[in-house]
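# Inside the fold
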Amino acid sequence: MDGWRLVHIVAMIWLGAGLGATYPLILKAWASKDVKYQMYCLVEAANNETRVLLPGSMATGITGFFWGVAEGYNFVKDGWLAALAACFVFFYFICLPLLGFGLRRARLASLIAAKKGQETQELRDILNDRVPIVFSTLLVVSVPLMAWLAIFKPF
């Protein structure tokens, strides 16, 4: 096993740990009706997103790029690599920032509601909006899709 492959696998494990530390908390926050528990889950999810998920996704992209360069892959000749890069750009440059924005917005609303001791209209609106759930689900679905492209190289 070459060096870039090993480093890339470690980066993918880091990315998986970030998704695993963030996604379940988002689901728990939306499933709960307890404002204090929602606040706890959303604060922890936002912290995990910035501390584990973001660095893991950056490390995965950087190491994957350098591994591809070291292996001599070509974006023009290897269609699967172009598709993989397009998926990475969509999921981690569009979906991940939108997840972070929605998560921080929900965290702030839940902190305000917890301080008041009751669910506020703003928190209800944000929880009905479901932005963090949608984009975190897209990120979770992206991992098997991108792994399939990299492993099977369909085109």
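Criteria and cut-off values
- Residues numbered from 1 in each chain as written.
- Predicted model: local features only at pLDDT ≥ 70, side-chain atom pairs only at ≥ 80, totals over all residues.
- Heavy atoms only, no water.
- Helix = DSSP H or I, 4+ residues; strand = E, 2+ residues; numbered from the N terminus.
- Buried < 20%, exposed > 50% of the residue type's maximum accessible area, 1.4 Å probe, protein only.
- Contact = heavy atoms within 4.5 Å.
- Lys, Arg positive; Asp, Glu negative; His and termini not counted.
- Charge placed at Lys NZ, Arg CZ, Asp CG, Glu CD.
- Phe/Tyr/Trp six-rings, centres within 6.5 Å; stacked < 30°, edge-to-face > 60°.
- Expected span 1.5 Å × (residues − 1).
- Core = buried A, V, L, I, M, F, W, Y, C linked by side-chain atoms within 4.5 Å.
- Disulfide = S-S within 2.5 Å.

Helix and strand content of the protein chain: five helices and zero strands. Helices and strands in the protein chain line up, N terminus first, as α-α-α-α-α. Along the first, second and third principal axes, the C-alpha atoms of the protein chain reach 60 × 25 × 20 Å. By the burial criterion, 38% of the 155 residues in the protein chain qualify as buried. Intrachain contacts of the protein chain at a sequence separation of at least 6 include 80% that bridge at least 24 residues. Of the side-chain charges in the protein chain, 14 are positive and 10 negative, and the distance between the mean point of each set is 4 Å.

Now for the packing of aromatic side chains. The tally for this structure, following the rule as stated, stands at seven aromatic pairs. Between Phe65 and Phe66, the aromatic rings sit 5.4 Å apart at their centres with planes inclined by 70°, giving edge-to-face as the arrangement. Through a chain of ring-to-ring contacts, the aromatic side chains of Trp4, Phe65 and Phe66 assemble into a single cluster.

Okay, helix α1 (residues 3-31) next. With 29 residues, α1 should cover 42 Å at 1.5 Å per step; its first-to-last C-alpha distance of 43 Å lies within 8% of that length. Among all positions of α1, only His8, Ala11, Leu15, Gly18, Leu19, Thr22, Tyr23, Leu25, Ile26, Ala29 and Trp30 are buried. Among the structural elements, α2 (35-71), α3 (79-116), α4 (121-129) and α5 (131-152) are those in contact with the buried residues of α1.

Time to look at the nonpolar core. When a protein is soluble and globular, its nonpolar side chains tend to lie buried together. One finds Ile26, Trp30, Phe91, Tyr92, Leu99, Leu139 and Met146 to be the most contacted residues of the largest nonpolar core, which totals 36 residues. Once you skip the residues sitting within four places of it in the chain, Trp30 turns out to touch Leu42, Ala106, Ile126, Leu127, Arg130, Pro132 and Ile133.

Let's shift gears to the state of the cysteines. Throughout the structure, instances matching the rule amount to zero disulfides. Here Cys87 stays free of any disulfide, with the sulfur of Cys95 as its closest cysteine sulfur at 10 Å.

By themselves, these observations are geometric and do not establish any function.
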